[in-house]
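# Structural characterization, general
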Amino acid sequence: MTAVVRIPTLDDLEVAGRRVLLRVDINSPIDPQTGGIADFNRIDKSLPTIRDLADRGARLVLIAHQGDTLDYHNLVDLAQHAAALSGRLGRPVGFVDDVAGPAARRAIKALGDGDVLLLDNLRYLTEEVSTFERDVKLTPQQMAGTYLVRNLAPLFDCYVNDAFAAAHRASPSMVAFQEVLPTAAGRLLMTELEALSAVADSPQRPCLYLLGGLKIADAFGMLGKVLADGTADEVLTAGVTGQVFLLARGVELGAASEQFIKDRNLWGFVDEAEQHLSAHAGSIRMPLDFAVEVKGKRVEVTVDDLPTEHLIVDIGGRTIAAYAEAIARAATVFVNGPPGAYENPSAQAGTRALWQALADTPAHTVIGGGDTVSSAKRFIDPDRIDVVSTGGGALIRYLSGKPLPLVEAMKAAAERFWESRRR
Ligand code: 3PG
């Protein structure tokens, strides 16, 4: 059996007077009207590592992405991120509108002890966009030869990664600096990995997964793994995921809801739901009733009343009570995806009540995914949840049992780090 290698943390690095390159994930939703940052969660969660390194006298350079070619609306420069960091840290955070060219390199060389500089959006470089990763498929060793790494790495003494939310991305900024620089994990990355391991590897029992929302591919990716290996004792399905399970059991929802599912190309999941049901019927719970909207008013229908001509928008009162009771008696609860279309006032009851149950339960609670976190913030104080993950895609991938490129790169770098300490 191979021993687990401890990933070095900030505490293992000498940083005073050294140039430290820190990869953060401050990719934030951008308000389409104002062009301003609409949610500061990831910026706030990145502060402890930045503060720690700057307080210890590092010459600190932050690299980060914002948006993507596939997410073009959010692909903006990082000047406002630097201003937000600066305001929150109470110390200046410089910004240069260059990623790895001459202006960036000049600014890096000019840093003094304790100075903090943010370079511009990594996604302005081809090698950092997700389609490059998908189509070109370089190894981390090959990525060490990319423009970004070739130009920046020689200027630094060490590299820190604190970007858990981008851990599913095998881009040079995430996995290649580890090849050429002593590497450590930031505080947020460690917290996220430890918290997720508590949900995915050794949960307190009973362990409950509540899977709702529209991102059914994500829910199904996790379902297969957590039921097959026994991580989850019970899965509560809600949102469109719950509806697809009922279809798999032969329940007709009605034309409007079935069309909604077909329009989003989700009908194919009905077969997959059937397979999950035949393998794990006893562990998968489905809604007992729903809410539909009739002339702007919430009306509840039981599953026995289906099909309904109206579009299903939420789970109903009996389901809310049953799921809230399960959440109250669980020891671990992981939630991904709101149970209803919570932006609509007639469809809020399910999300409001279950997030309240989550806040009240003594269980260890973990939530993640953009929609889940923003809906939780709307209805409860998110501080009442034990772990509010910054991860979306990274979290799903982790909980689906697939390796995260960042974690693989950090483990490989850890071996080299401890090896060089032994020499
Ligand atoms: C996210 O928002 O999930 C991360 O910041 C990664 O962004 P990406 O999906 O554009 O790579």
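Model, not experiment: these values are computed from the prediction. (Residues numbered from 1 in each chain as written. Predicted model: local features only at pLDDT ≥ 70, side-chain atom pairs only at ≥ 80, totals over all residues. Heavy atoms only, no water.)

## Observations regarding the overall build of the protein chain
Going by this rule: Helical segments are the DSSP runs of H or I of at least four residues, strand segments are the runs of E of at least two, and each set is numbered from the N terminus. For the radius of gyration, the atoms used are the C-alpha atoms, and the globule rule reads 2.2 Å times the number of residues raised to 0.38. When a residue's accessible area, from a 1.4 Å probe over protein chains only, is under 20% of the maximum for its type it is buried; when over 50% it is exposed; and in between it is partly exposed. The protein chains shown are the only cover counted for residues, whose accessible areas, like all others here, come from Shrake-Rupley with a 1.4 Å probe. When charges are tallied, Lys and Arg are placed among the positive residues and Asp and Glu among the negative ones, while His and the ends of the chain are skipped. To locate a charge, take atom NZ for lysine, CZ for arginine, CG for aspartate or CD for glutamate.
Counting secondary structure elements, the protein chain contains 18 helices and 15 strands. In terms of overall dimensions, the protein chain is globule-like: its C-alpha atoms have a radius of gyration of 23 Å, near the 22 Å expected for 423 residues. Taken over 423 residues, the protein chain has a buried fraction of 57%. Working note: accessible area of the protein chain is about 17,400 Å², and carbon and sulfur atoms make up 51% of it. Of note, the protein chain has its 43 positive side-chain charges centred 4 Å away from the centre of its 54 negative side-chain charges.

## Topic: the domain arrangement of the protein chain
Let me state the cut-off plainly: Domain start and stop points were drawn from an automatic or database domain assignment.
Domain boundaries in the protein chain define domain 1 (10-189 + 403-422) and domain 2 (205-362). Here the C-alpha centroids of domain 1 and domain 2 sit 37 Å apart.

## Section: the sheet that holds strand E8 (residues 234-237)
We apply this condition: Any two strands are treated as partners once DSSP identifies two or more bridges connecting them. Throughout, a residue-residue contact means that at least one pair of heavy atoms, one from each residue, lies within 4.5 Å. Lines fitted to C-alpha atoms define the axes here, with helix axes fitted over just the stretch in contact, and angles between the N-to-C directions of these axes take values from 0 to 180 degrees.
Read from one edge of the open sheet, six strands run E9-E8-E7-E13-E14-E15, paired in parallel fashion. Looking along the sheet, the strands with just one partner apiece sit at the ends: strand E9 (284-285) and strand E15 (387-388). Here strand E13 (residues 332-336) pairs with strand E14 (residues 364-367) via four bridges, running parallel. Within the sheet, the bridge partner assigned to Val333 lies in E14 and is Thr365. Packing of helix H16 (residues 370-379) onto the sheet brings it into contact with E13, E14 and E15, and relative to E14 it is tilted by some 120°.

## A few points about the pattern of salt bridges
Stated formally: In what follows, salt bridge is the name for a side-chain nitrogen of Lys or Arg lying within 4 Å of a carboxyl oxygen of Asp or Glu.
On inspection of all chains with the given rule, the structure shows 21 salt bridges. The partner of Glu179 in a salt bridge is Arg416, with the nearest N and O atoms 3.7 Å apart. Of this pair, Glu179 sits in helix H8 (residues 177-180) while Arg416 sits in helix H18 (residues 405-422), and the two are 237 residues apart along the sequence. For Glu179, a relative accessible area of 25% corresponds to the partly exposed category. Exposure remark for Arg416: the relative accessible area of 35% places this residue in the partly exposed category.

## Notes on the site of the ligand
Our working rule: A cutoff of 4 Å decides nearness: a residue is near a molecule or strand if any of its heavy atoms lies inside that distance of it. Side-chain atoms alone can form a polar contact between residues adjacent in sequence; in general such a contact is a pair of N or O atoms within 3.5 Å, and within protein one must be able to donate a hydrogen while the other accepts it. When residue character is reported, Ala, Val, Leu, Ile, Met, Phe, Trp, Tyr, Cys and Pro are called nonpolar, Asp, Glu, Lys and Arg charged, and the others, Gly included, polar.
Around the ligand, a shell composed of Asp25, Asn27, Arg42, His65, Asp68, Arg123, Ala165, His168 and Arg169 is seen. A distance of 2.7 Å separates an oxygen atom of the ligand from a polar side-chain atom of Asp25. With respect to the ligand, the side chain of Asn27 contributes an N or O atom lying 3.0 Å from an oxygen atom. The class makeup of the residues in the shell around the ligand is one nonpolar, three polar and five charged.

## Let's talk about the side chain of Glu234
Summarising the element assignment, Glu234 is placed in strand E8. Of the residues examined, Glu234 reaches a relative accessible area of 17% and is grouped as buried. Ignoring anything within four residues of it in the chain, the contact list for Glu234 reads Cys207, Leu208, Tyr209, Ser283, Arg285, Ala326 and Arg329.

## Regarding the packing of aromatic side chains
Definition in use: Geometry of aromatic contacts follows a simple scheme: Phe, Tyr and Trp rings, the Trp one being its six-membered ring, pair when their centres are within 6.5 Å, and the pair is stacked under 30 degrees between planes, edge-to-face over 60, tilted otherwise.
Using the criterion set out here, one finds six aromatic pairs in the structure. Measuring from ring centre to ring centre gives 5.1 Å for Tyr209 and Phe334, while their planes differ by 55°; the resulting arrangement is tilted. Of the two residues, Tyr209 is situated in strand E7 (residues 207-211) and Phe334 in strand E13; the sequence distance between them amounts to 125 residues. Here Phe334 falls in the buried class, since its relative accessible area comes to 0%.

## Details of the packing of helix H11 (residues 239-248) against helix H12 (residues 255-263)
For any two helices packed against each other, the geometry comes down to the angle between their axes and how far apart the axes lie. For clarity, the cut-off: What sets the label is the angle itself: under 35 degrees gives roughly parallel, over 145 gives roughly antiparallel, 65 to 115 gives roughly perpendicular, and the rest give oblique.
Taken N-terminus to C-terminus, the directions of H11 and H12 make an angle of 110°; their axes are 11 Å apart at the nearest point. It follows from the interaxial angle that H11 and H12 lie roughly perpendicular. Contact with H11, carried on its side by Val240, Gln243, Val244 and Leu247, involves Ser257, Glu258, Phe260 and Ile261 of H12 and no other residues of that element. Classifying every residue of the contact of H11 with H12 gives five nonpolar, two polar and one charged.

## Topic: helix H1 (residues 41-55)
Each turn of an α-helix holds 3.6 residues, which means side chains three or four residues apart point in the same direction. The cut-off we apply is this: The span expected for a helix works out to 1.5 Å for each residue beyond the first. Fitting one axis to the seven residues ending at a residue and another to the seven starting there, the bend at that residue is the angle between the two axes.
In a regular helix each residue adds 1.5 Å, so 15 residues correspond to 21 Å; H1 covers 22 Å between its end C-alpha atoms and thus fits that length. Its axis deflected by about 35° at Leu47, H1 carries its strongest bend there, up to four residues before the proline Pro48. For H1, the set of buried residues is Asn41, Arg42, Ile43, Ser46, Leu47, Thr49, Ile50, Asp52, Leu53 and Ala54. Just downstream of H1 lies Gly57, where phi reads positive at about 85°.

## What to know about the nonpolar core
So the rule is basically this: The criterion is simple. A nonpolar core is a set of buried Ala, Val, Leu, Ile, Met, Phe, Trp, Tyr and Cys residues joined through side-chain atoms within 4.5 Å.
By size, the foremost hydrophobic cluster in this structure holds 87 residues, and its most contacted members are Leu119, Leu152, Phe177, Tyr209, Val244 and Phe334. No fewer than three residues from each of domain 1 (10-189 + 403-422) and domain 2 (205-362) sit in this core. In contact with Val244, other than residues within four places in its own chain, are Ile216, Phe220, Ile261, Phe269, Val270 and Ala273. Val20, Leu22, Leu85 and Ala184 belong to the second-largest nonpolar core, a separate cluster that totals 32 residues.

## So, the sheet that holds strand E6 (residues 183-185)
One open sheet holds the six strands; their spatial order is E3-E4-E2-E1-E5-E6, and the pairing between them is parallel. Strands with a single pairing partner mark the edges of an open sheet, and in this sheet they are strand E3 (94-96) and E6. Direction aside, neighbouring strands of the sheet carry axes that sit 25° apart on average. By the bridge criterion, four bridges tie strand E1 (residues 19-23) to strand E5 (residues 158-161) in an arrangement that is parallel. Bridging from a neighbouring strand, Leu22 pairs with Val160 of E5. Packed on one face of the sheet, H18 meets E5 and E6 and runs near 125° to E6.

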